[in-house]
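Listed below are the residues making up each chain.
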Amino acid sequence: MDRKSLWLYYASMIVYMIGGIPLVLYTLIIRPIADMYNEPVSDMTSPVFGNYSLFLRNLFIVSTIFVTFSLLLFVVSVYRTKHDGRRISGMTVFLPIALYIFGYSLLGVSGI
C-alpha cells in the first residue's frame, strides 16, 4: 500500500470506530429499551432528548452516515491499492468487510 491508500484505510477504520459509538447506542442499548415500553415510541417524550422518536431517527441516520462514509473510504483505499498494482493481504480486506456486514446487519435488524 502506498501512503495515500494506507491513510485512507486507517481513516476508514477511525471513522468506523467513531461511528461505532452511535451505532452501539442505537442498535444495542437505546432502541431495545424503547421497544420494551408499552407506550408507542412516537408518543414518548424525554426531558433530555425531547421527542424520543425524532432522537431515535437521528441516531439511526448518524450511524448509517458514519458506517457508509467509512465504507466509501475503505473502498477507495482498496481501489487505489489495486490500481497501483500493489497487493493487500486477505485479512486486511476481510476484517473490515466483516465489520461492515456486522454494522449494516445491526442497523437492518433494529430498523427505524
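Keep in mind it's a predicted model, so treat the numbers as computed, not measured.

## Overview of the overall build of the chain
Looking only at helices and strands, the chain features 3 helices and 2 strands. A globule of 112 residues ought to have a C-alpha radius of gyration of about 13 Å, yet the chain, at 17 Å, is considerably larger. Counting only C-alpha atoms and orienting by the principal axes, one finds that the chain spans roughly 55 × 20 × 15 Å. Burial status across the chain gives 38% buried among its 112 residues. Sequence-distant contacts in the chain: of pairs separated by 6 or more residues, those separated by 24 or more amount to 75%. The average position of the 8 basic charges and that of the 5 acidic charges among the side chains of the chain differ by 19 Å.

## What to know about the packing of aromatic side chains
Here a ring pair, both rings aromatic, is described through the centre-centre distance and the interplanar angle of the planes. Tallied over the entire structure, the rule returns 6 aromatic pairs. When the ring of Tyr-9 is compared with that of Phe-74, the centres are 6.0 Å apart and the planes differ by 50°; the resulting orientation is tilted. Linking Tyr-9 in helix H1 (residues 3-36) with Phe-74 in helix H2 (residues 52-83), this pair joins segments that are 65 residues apart in sequence. A single burial state applies to Tyr-9 and to Phe-74, both of which are buried. With a centroid separation of 5.4 Å and an interplanar angle of 85°, the aromatic rings of Tyr-16 and Tyr-100 are classed as edge-to-face. In this pair, Tyr-16 is assigned in helix H1 and Tyr-100 in helix H3 (residues 90-110), connecting sequence segments 84 residues apart. This pair shows no difference in class: Tyr-16 is buried, exactly as Tyr-100 is. An aromatic cluster is present here, built from Tyr-9, Tyr-10, Tyr-16, Phe-74 and Tyr-100 joined pairwise through their rings.

Reading guide: rules and limits
Residues numbered from 1 in each chain as written. Predicted model: local features only at pLDDT ≥ 70, side-chain atom pairs only at ≥ 80, totals over all residues. Heavy atoms only, no water. Helix = DSSP H or I, 4+ residues; strand = E, 2+ residues; numbered from the N terminus. Rg over C-alpha atoms; globule rule 2.2 N^0.38 Å. Buried < 20%, exposed > 50% of the residue type's maximum accessible area, 1.4 Å probe, protein only. Contact = heavy atoms within 4.5 Å. Lys, Arg positive; Asp, Glu negative; His and termini not counted. Charge placed at Lys NZ, Arg CZ, Asp CG, Glu CD. Phe/Tyr/Trp six-rings, centres within 6.5 Å; stacked < 30°, edge-to-face > 60°.

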